[in-house]
Amino acid sequence: MTLAIFAFGGLAAVSVVSAILMVANRNPVRSALALVANFLVLAVFYLTLSAEFIAAVQVIVYAGAIMVLFLFVIMLLNLGSPEALKERGGLQAPIAAVLALIFFSILGAAGALGTALPKSQATHATLNTGGTAETIGRALFDPNQPWLFPFEVTSILLLMGIVGAIVLAKRRI
Amino acid sequence: MVIQNYSLGPIDLASIIPYVAMGTILGFILLIVPFVIWFERVVIALMQDRLGPNRVGPRGLLQTIADGVKLFFKEDLEPAAVDRSLYYMAPVLALIPALAAGAALPFASISLRMADGSVKSLPLVAGNVNIGILFILALSSLQVYGIVLAGWASNNKYSLLGGLRSSAQMISYELPMSLAILTGILMSGSLNLVDVVNSQAGSILDWNFFKLNPATGFFFPLGLIAGMIYLVAMVAETNRAPFDLPEAESELIAGFHTEYSSMKFAMFFMGEYASMLVVSGIATALWFGGWHAPFDFVLWNWIPGGIWFLAKLTFFIGVYVWLRATLPRLRYDALMNIGWKRLLPLSIVVLFAVATVDAFFFTKDTPAAISAPATPPSGTLTPMAAPGGGQ
């Protein structure tokens, strides 16, 4: 139990620090790398919750594919120097502060900041089967489950994204 | 060969197998790399009708070790205006994912006689996880960072070009590779590499690469096509000839590792060969039956499984060397065309065909454990209760 809390504390610290570094860094490449670190810690969080399939997919899709594309674009457009993306003050910081305040007050109103959180009902049996590819596949594709329709809608959304990207990039094919 | 499951108090042989496997695979990858390099140099020399390394040790066998010692004592150069922390981190990032990916690679199986007299067959693998192949894919997708960051951090335009090429190339070839792996998974019915290997038990015709279609009884070359796609993509993923665009020495000096010297260069070198070994190991486990002998009768199946795995691994390393000695480097647009216009559509078609054959011609006997829970275990995948609802 205590070991689990120490592990969680360490992971949480790394994730918060990497998130702050991602926003605060002047250098876009380092920001991207901090985001990669954040994604990796998130994957480890999934692992500690016995969601191993999601953890692997998290690393493959976000850290392995999307962030590589980010880095590729940053390097291709030569935005790597710290001065390339300098932002002038503006209203961003105060708006962000207000939004953060609203977010935390919602969390507090919902009782997520106290200690009286509901305990997990998971047993060893549910943990062993809960995060496997098979359970997730059954939940997504079984018509008796409520997730088939959202899954289909999401895939159509992704298809629209792909078609839109092609239309934008190649006006005449 | 059955080994008695010796036990010493609470520790028995079965419980230390993961640790033994971890030590073996790590030690193997790290120690075999010099000999793989020697093998490559000697074989290429023979193919090009010259002598190759022949001064240090018998048949030049110790040449790579001498080179390693030389690299170790070389001056550690650091060019001006590099991004220091990233410059030093890049070689580590190139080596570590390759070593870590070996953790999910099963390379042999061992039969133990348990205390109650039953014989249990246990795989030699550090982490027998049920997402084994996804774990390896995840780690191999992280490998590109080492090369990209090396290219960017060393403040050199040739390095940057190498890093850019590498990121584009590895993203492009990851797609056909993943789809080919998915095809193999579909043929074996599991993400766990141990189960994948066990599903290929029997003779050479049970390997996913040569698998016959039991429903129709004719040779169905889908596994062959998907396996070939994997083999091409794995060469591209490890940046080896003829896909070694990121370090093309005739155009980019040495590409992403131009500015690296001494042990940092050696780590890139190690990382490349370690990832070669790992992707060859996946090819062996996924397509070529892992530790199973090609023929399941006497003399062939007397040879231990680990030896067969090693033999298959050696074959793939040989293919790497053979390709390097015979094929010229691809032009960059040709590389992209092959990846996106040939391999990707072909791998999608093969995946679709295998899925169709699976769905219509095979009647799979689902184990009771799989078919029993029609609803997922409560509390894990049901819609999340409102906060405070659990009280």
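Anything mentioned here points back to the structure above.
(A) Focus on the overall build of chain A. A tally of regular secondary structure across chain A gives seven helices and zero strands. Seen in sequence order, chain A has helices and strands lined up from the N terminus as α-α-α-α-α-α-α. Over its C-alpha atoms, taken along the principal directions, chain A stretches across nearly 50 × 45 × 30 Å. Out of the 173 residues belonging to chain A, those deemed buried represent 24%. For chain A, the accessible area works out to roughly 12,000 Å², and carbon and sulfur atoms hold 74% of it. Considering chain A, the positive charge centre built from 9 side chains and the negative charge centre built from 6 side chains are found 16 Å apart.

(B) Looking closely at helix 2 (residues 63-72) of chain B. Residue and element names in this part refer to chain B. Looking at helix 2, one finds that the buried residues are Q63, T64 and L71. Seen from one end, helix 2 has its buried residues packed into an arc of 95°, which puts them on one side. Of the surrounding elements, those touching the buried residues of helix 2 are helix 1 (13-47) and helix 10 (262-287).

(C) Examining unusual backbone geometry more closely. All names here are of chain B. Even without a glycine there, the phi angle at N239 is positive, about 55°. Secondary-structure assignment places N239 in the loop between helix 8 (222-237) and helix 9 (249-252). For N239, a relative accessible area of 3% translates into the label buried. Even without a glycine there, the phi angle at S262 is positive, about 55°. Its location among the elements puts S262 in helix 10.

(D) Layout of the side chain of T135(A). Residue placement: T135(A) occurs in helix 6 (residues 133-141). A polar atom in the side chain of T135(A) sits 2.8 Å from the side chain of T132(A).

(E) A look at the environment of L344(B). All names here are of chain B. Along the chain, L344 turns up in helix 12 (residues 332-361). A relative accessible area of 15% means that L344 is categorised as buried. Separated by 26 residues in the primary sequence, L344 and G318 place their C-alpha atoms 26 Å from one another. Ignoring sequence-local partners within four residues, the contact set of L344 consists of L175, P176, L179 and G339.

(F) Quick look at the pairing of strand 5 (residues 119-124) of chain B. As paired elements, strand 4 (residues 108-113) of chain B and strand 5 of chain B share six bridges and run antiparallel to each other. Bridged to A108(B) within strand 5 of chain B is L124(B).

(G) Structural context of the interface of chain B and chain A. Taken together, the contact between chain B and chain A spans 38 residues of the former and 38 residues of the latter. Summing both sides of the interface, chain B and chain A together bury roughly 3,100 Å²; the carbon and sulfur share of this comes to 73%. Here chain B is connected to chain A by zero salt bridges. Remark: the boundary between chain B and chain A carries three residue pairs in polar contact (both at pLDDT 80 or more). When residues of the side of chain B that touches chain A are traced back to their parent elements, those giving at least two are helix 3 (84-101), helix 4 (132-142), helix 5 (144-153) and helix 6 (157-188) of chain B. The greatest single-element share of the side of chain B that touches chain A, amounting to seven residues, is contributed by helix 6 of chain B.

(H) View of the sheet that holds strand 1 (residues 2-4) of chain B. Residues and elements named next belong to chain B. Here three strands make up an open sheet; going across it, the order is 1-4-5 and the pairing mixed. Single-partner strands in this sheet number two, and they are strand 1 and strand 5. On average, each strand axis in the sheet is tilted by 40° relative to the strand beside it, whichever way the strands run.

(I) A nonpolar patch on the surface, seen in detail. Residues and elements named next belong to chain B. A surface patch of nonpolar side chains, about 660 Å² in accessible area, is lined by F35, L62, I65, V69, F72, F73 and M263. Counting residues per element, the nonpolar patch draws most heavily on helix 2, at three residues. Locating M263 in the fold gives a position in helix 10.

(J) Molecular detail of the pattern of salt bridges. Residue and element names in this part refer to chain B. For the coordinates displayed, the defined rule picks out nine salt bridges over all chains. Between R324 and E40 there is a salt bridge, and its shortest N-O distance comes to 2.5 Å. Taken together, the residues R324 in helix 11 (residues 305-326) and E40 in helix 1 connect sequence positions 284 residues apart. On the basis of relative accessible area, E40 is assigned to the buried category, the value being 2%. Note that R41 and D67 form a salt bridge whose closest N and O atoms lie 3.3 Å from each other. Of this pair, R41 sits in helix 1 while D67 sits in helix 2, and the two are 26 residues apart along the sequence. Of the residues examined, D67 reaches a relative accessible area of 24% and is grouped as partly exposed.

(K) Quick look at the pairing of strand 4 of chain B. Residues and elements named next belong to chain B. The alternating pattern of strand 4 places A108, I110 and L112 on a buried face and S109, S111 and R113 on a face that is not buried. Taken together, the three bridges between strand 1 and strand 4 define a ladder with parallel strand orientation. Note that in strand 4 the partner of V2 across the bridge is S111. Linking strand 4 to strand 5, which pair antiparallel, is a turn of five residues; within it G117 sits at a positive phi near 95°.

(L) Structural view of the nonpolar core. I136(B), Y145(B), I181(B), Y230(B), M234(B) and W287(B) are the most contacted members of the largest nonpolar core, which totals 116 residues. For this core, the element with the most residues is helix 10 of chain B, which contributes 12 residues. Residues contacting Y145(B), with those up to four places away along its chain left out, are L33(A), V36(A), A63(A), M67(A), V68(A), L71(A) and L93(B).

(M) How the structure looks around helix 1 (residues 2-24) of chain A. Between its first and last C-alpha atoms helix 1 of chain A spans 32 Å; for 23 residues at 1.5 Å apiece the expected length is 33 Å, and the two agree. Buried positions along helix 1 of chain A lie against helix 2 (28-48) of chain A.

Calculation criteria
- The residue count restarts for each chain, going from 1 along the sequence in the order it is written.
- Chains and ligands are labelled sequentially in the order written, the chains with letters from A and the ligands with numbers from 1.
- Confidence filtering applies because this is a predicted model: local features only for residues at pLDDT of at least 70, side-chain atom pairs given and counted only at 80 or more, and all residues used for totals across whole chains, interfaces and linings.
- The side-chain values count all of the structure's non-hydrogen atoms but skip hydrogen atoms and water molecules.
- Counting from the N terminus, the helices are the DSSP runs of H or I reaching at least four residues and the strands are the DSSP runs of E reaching at least two.
- Only protein chains enter the accessibility calculation, which uses a 1.4 Å probe. A residue is then buried if its area is under 20% of the maximum for its type, exposed if over 50%, and partly exposed in between.
- Every accessible area reported is derived by Shrake-Rupley at a probe size of 1.4 Å, with residue values counting cover from the shown protein chains alone.
- Counted charges follow a simple rule, with Lys and Arg positive, Asp and Glu negative, and His plus the chain ends left uncounted.
- Where a charge lies is defined by one atom per residue type: Lys uses NZ, Arg uses CZ, Asp uses CG and Glu uses CD.
- Here the arc refers to the set of directions running from the helix axis out to each C-beta atom.
- Should any heavy atoms of two residues lie within 4.5 Å, those residues are considered in contact.
- Pairs of N or O atoms are called polar contacts if they sit within 3.5 Å, as long as, within protein, a hydrogen donor faces a hydrogen acceptor (for residues adjacent in sequence, only side-chain-to-side-chain pairs).
- Two strands qualify as a pair provided that DSSP identifies no fewer than 2 bridges between them.
- Buried area: the accessible surface (1.4 Å probe) lost by two parts on joining, summed over both.
- One speaks of a salt bridge when a side-chain nitrogen belonging to Lys or Arg is within 4 Å of a carboxyl oxygen belonging to Asp or Glu.
- Orientation is described by axes fitted as lines to C-alpha atoms, over the contacting stretch for helices, and by angles from 0 to 180 degrees between their N-to-C directions.
- Residues qualify for a patch when their relative accessible area is over 30% and they have no salt bridge, like charges being joined within 9 Å and the nonpolar side chains of Val, Leu, Ile, Met, Phe, Trp and Tyr within 5 Å.
- Only buried Ala, Val, Leu, Ile, Met, Phe, Trp, Tyr and Cys residues count toward a nonpolar core, and they belong to the same one when joined by side-chain atoms within 4.5 Å.
- Here the expected length of a helix is defined as 1.5 Å per residue gap, with one fewer gap than residues.

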